[in-house]
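What follows is the residue order along each chain.
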Amino acid sequence: MQKSVSCKSTWAAQPISSGSSSTSTSPTPQATTVEAAVSGNAVIVFGRSGCFMCHVARRLLLGHGVNPTVFEVGEKDEASVIEELTRIAAVDGTGIGLSVQFPIFFFGGKMFGGLEKVMGAHISGDLVPILREAGALWL
């Protein structure tokens, strides 16, 4: 069964720091949760709550035998999650200069791209080797 993580239930009790207090270097609870989700899953999809494109992506990946984690982001948390995903992508060097838009895919802890890039890799036959390299497929 596919695992879905709701942003609302995960961060409901945690305050979300505003962009004005950027002097602190310690990560917020939200940043830790997003970073742990990215690094702890071979394939993770971040998308808005109820996004049908996330469903399309999930079905495509399930068709390949990959069981992705889907991270549903609530409307009030969207900006801060996008900011954190942009930071994570810049650290690993895969997302420098790119804007993060939902749905966004991380394979093996690195930002892969959006649905267009996943579909393009699927059509060209590159998706399965990428999923193997990320540790999502074994055969």
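Bear in mind the structure is a predicted one, so any value in this text is a computation, not a measurement. (Residues numbered from 1 in each chain as written. Predicted model: local features only at pLDDT ≥ 70, side-chain atom pairs only at ≥ 80, totals over all residues. Heavy atoms only, no water.)

A. Summary view of the overall build of the protein chain. A tally of regular secondary structure across the protein chain gives 6 helices and 5 strands. When the helices and strands of the protein chain are read in sequence order from the N terminus, they spell out β-α-α-β-α-β-α-β-β-α-α. With 139 residues in all, the protein chain has 38% of them scored as buried. Within the protein chain, residue pairs in contact and separated by at least 24 positions form 62% of the contacts whose partners lie at least 6 positions apart. Accessible surface computed for the protein chain: about 7800 Å², of which carbon and sulfur atoms make up 56%. (Helix = DSSP H or I, 4+ residues; strand = E, 2+ residues; numbered from the N terminus. Buried < 20%, exposed > 50% of the residue type's maximum accessible area, 1.4 Å probe, protein only. Contact = heavy atoms within 4.5 Å. Areas by Shrake-Rupley, 256 points an atom, 1.4 Å probe, with all protein chains shown as cover.)

B. Molecular detail of the side chain of asparagine 41. Looking at where asparagine 41 falls in the secondary structure, it is placed in the loop between α2 (29-39) and β2 (43-48). On the basis of relative accessible area, asparagine 41 is assigned to the buried category, the value being 17%. For asparagine 41, the side chain forms a polar contact with the side chain of threonine 69, separated by 3.0 Å. (Polar contact = N/O pair within 3.5 Å; in protein donor to acceptor, adjacent residues only side chain to side chain.)

C. Spotlight on the packing of aromatic side chains. On inspection of all chains with the given rule, the structure shows 4 aromatic pairs. Between phenylalanine 46 and phenylalanine 106 the ring centres are 5.8 Å apart and the planes differ by 80°, which places this aromatic pair in the edge-to-face class. Of this pair, phenylalanine 46 sits in strand β2 while phenylalanine 106 sits in strand β4 (residues 104-107), placing them 60 residues apart in sequence. Take phenylalanine 106: its relative accessible area is 0%, and that puts it in the buried class. Above the face of the phenylalanine 112 ring, lysine 117 is positioned so that its terminal group lies 4.9 Å from the ring centre. (Phe/Tyr/Trp six-rings, centres within 6.5 Å; stacked < 30°, edge-to-face > 60°. Lys NZ or Arg CZ within 6 Å of the ring centre and 35° of its normal.)

D. Focus on the pattern of salt bridges. This model, assessed by the stated rule, comprises 3 salt bridges. Measuring nitrogen to oxygen at the nearest pair gives 3.1 Å for the salt bridge that ties arginine 48 to glutamate 78. Of this pair, arginine 48 sits in strand β2 while glutamate 78 sits in helix α4 (residues 78-92), placing them 30 residues apart in sequence. Overall, the relative accessible area of 18% leaves glutamate 78 in the buried class. Residues glutamate 84 and arginine 87 are paired through a salt bridge, measuring 2.6 Å at the closest nitrogen-oxygen approach. Taken as a pair, glutamate 84 and arginine 87 lie in helix α4 at a separation of 3 residues, close to a single helical turn. Here arginine 87 falls in the partly exposed class, since its relative accessible area comes to 36%. Bridged by salt links that share partners, the residues Glu35, Glu84 and Arg87 form one connected network. (Salt bridge = Lys/Arg side-chain N within 4 Å of Asp/Glu carboxyl O.)

E. Fine view of the pairing of strand β3 (residues 69-73). Counting buried positions along β3 gives 4 out of 5 residues, so the element sits mostly inside the fold. Bridge count between β2 and β3: 5 bridges; the pairing is parallel. Among the inter-strand pairings, glycine 47 is bridged to a residue of β3, identified as glutamate 72. At this point the chain moves from β2, through helix α3 (residues 52-63), to the parallel β3, and the crossover so formed is right-handed. (Pairing = 2+ DSSP bridges. Right-handed = clockwise from strand over helix to strand, strands pointing away.)

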